[in-house]
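# Chain and residue survey
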Amino acid sequence: MQKRLQNRVAESRTTLPVVAAYAVAVWVAAGLLTYQSWLSFVAMAVTTYLMVELNNQNALIRIYSRMVSCSFLVLSCAAMFLFPSWKAAVGCLCFVTFLLLLSRTYQDKQSPGRTFYAFCFLGFASLIHAHILYFLPLFWLFMAFKVLSLSWRTFFASLLGVLLPYWLALPYFIWQADFSLLAGHFMSLLQVEPFDYATLSVQQVVYFLFLVALCLTGTVHYLRTRYKDKIRTRLLYDCFVIMTWLCAVLLVLQPKHATLLLPMMVVSLSTLIGHFLALTSTRWTNIGFYVIMVLSLLITAFNLWIPSLHF
């Protein structure tokens with residue numbers, strides 16, 4: 001395989017430190033020091049480390065490459081309108097931790113412990129974003145047909161894991177003698193407002209269309225080359241493809257939940273784009289690498305330039 005700039009960047013050990021420095025610079029330029037949004041920043045840093053672990057522990061890329069975590073950082077920085085939202089950052093952290101723990105249960109139907117802890121993080125994410133509970137049936141299907149870990153023990157462990165954060169929060173509601181907040185939290189699951197685009201800005205629409213274009217690129221590449229990966233890797237990537245496109249469809253139907261869906265979409269999409277950038281080496285994919293980088297930088301710079309999107 002001919003070594004092009006795309007491949008040299010993808011395989012370099014200095015790529016992640018350089019991209020991390022770029023991410024820090026973007027956060028500082030967006031007002032990190034001025035507005036002290038340290039919780040979101042730290043959550044993004046920890047999430048990036050977990051993306052590295054997700055790649056390493058599951059061999060998502062057949063060669064040495066940090067493109068999964070680098071793709072996550074670059075795409076996250078382009079979504080500058082999410083920087084002020086600690087809910088988006090913490091929810092994303094919980095989701096990646098869930099994926100990391102769930103992937104460790106591969107072909108292990110006697111792993112209620114890891115399943116329990118994985119779904120605990122999903123439960124904590126649901127305290128912030130109740131609508132993530134909509135994904136529970138999908139995650140059980142992943143366990144049954146992709147991760148191959150579903151059994152009665154792991155199923156009930158997942159239920160207990162999701163319920164644990166609510167059980168821990170219950171004494172607070174008892175002490176306050178006010179369950180209206182908890183009731184409203186679950187009642188929000190019944191509130192459906194499709195195609196409500198009034199709150200979307202032009203920058204958010206452009207960013208979403210950019211992600212959809214990347215989805216098409218990553219999905220087509222994966223489907224054409226999936227036979228080269230191991231069975232476990234293929235099954236995990238099947239999950240990422242489904243998650244990416246499901247989040248995209250839900251964003252079209254329910255744009256008001258962008259704070260939840262966009263980070264989840266970026267996490268899943270980063271694995272597909274990382275796979276594409278690291279494992280292709282043609283003239284056209286090299287051009288695609290330049291296009292992706294330039295568009296990412298332009299979207300990030302444009303969002304920095306728009307005052308309304310600063311902290």
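The following refers to the structure shown.

Cut-offs and rules
- Residues numbered from 1 in each chain as written.
- Predicted model: local features only at pLDDT ≥ 70, side-chain atom pairs only at ≥ 80, totals over all residues.
- Heavy atoms only, no water.
- Buried < 20%, exposed > 50% of the residue type's maximum accessible area, 1.4 Å probe, protein only.
- Helix = DSSP H or I, 4+ residues; strand = E, 2+ residues; numbered from the N terminus.
- Contact = heavy atoms within 4.5 Å.
- Core = buried A, V, L, I, M, F, W, Y, C linked by side-chain atoms within 4.5 Å.
- Salt bridge = Lys/Arg side-chain N within 4 Å of Asp/Glu carboxyl O.

Before going further, it helps to examine unusual backbone geometry. Leave glycine aside and you will find that most residues have negative phi; peptide bonds, for their part, are mostly trans. Non-glycine residue Gln107 carries a positive phi angle of around 60°. What makes Gln107 exposed here is its relative accessible area of 55%. Although it is not a glycine, Phe195 adopts a positive phi angle of roughly 60°. On the secondary structure map, Phe195 appears in the loop between helix H10 (180-187) and helix H11 (202-225).

Now for the environment of Thr97. The topology assignment puts Thr97 in helix H6 (residues 86-103). With a relative accessible area of 10%, Thr97 lands in the buried category. Spatially, the C-alpha atom of Thr97 lies 8.8 Å from that of Met51, the residues being 46 residues apart in sequence. Here Thr97 is in contact with Leu50 and Phe121, once residues within four sequence places are set aside.

Moving on: the nonpolar core. One finds Phe98, Phe119, Phe135, Phe139, Tyr207 and Met243 to be the most contacted residues of the largest nonpolar core, which totals 98 residues. Broken down by element, the residue count for this core peaks at 14 residues, all from helix H13 (residues 258-278). In contact with Phe98, other than residues within four places in its own chain, are Ala118, Phe119, Phe121, Leu122 and Phe139.

Assignment of secondary structure puts Thr244 in helix H12 (residues 231-253). Of the residues examined, Thr244 reaches a relative accessible area of 0% and is grouped as buried. Ignoring sequence-local partners within four residues, the contact set of Thr244 consists of Cys215, Met265, Ser268, Leu269 and Leu272.

It is worth spelling out the pattern of salt bridges at this point. For the structure shown, the criterion picks out three salt bridges. We note a salt bridge from Arg62 to Asp229, for which the minimum N-O separation is 2.8 Å. With Arg62 in the loop between helix H4 (38-58) and helix H5 (67-78) and Asp229 in the loop between H11 and H12, this pair connects stretches of sequence that are 167 residues apart. Of the residues examined, Asp229 reaches a relative accessible area of 5% and is grouped as buried. Two residues, Asp238 and Lys146, come together in a salt bridge whose shortest N-O distance is 3.1 Å. Separated by 92 residues along the polypeptide, Asp238 in helix H12 and Lys146 in the loop between helix H8 (136-145) and helix H9 (152-176) bring together distant segments of the chain. A network of salt bridges, in which partner residues are shared, links Lys146, Arg226 and Asp238.

Nothing here speaks to function; it is geometry throughout.
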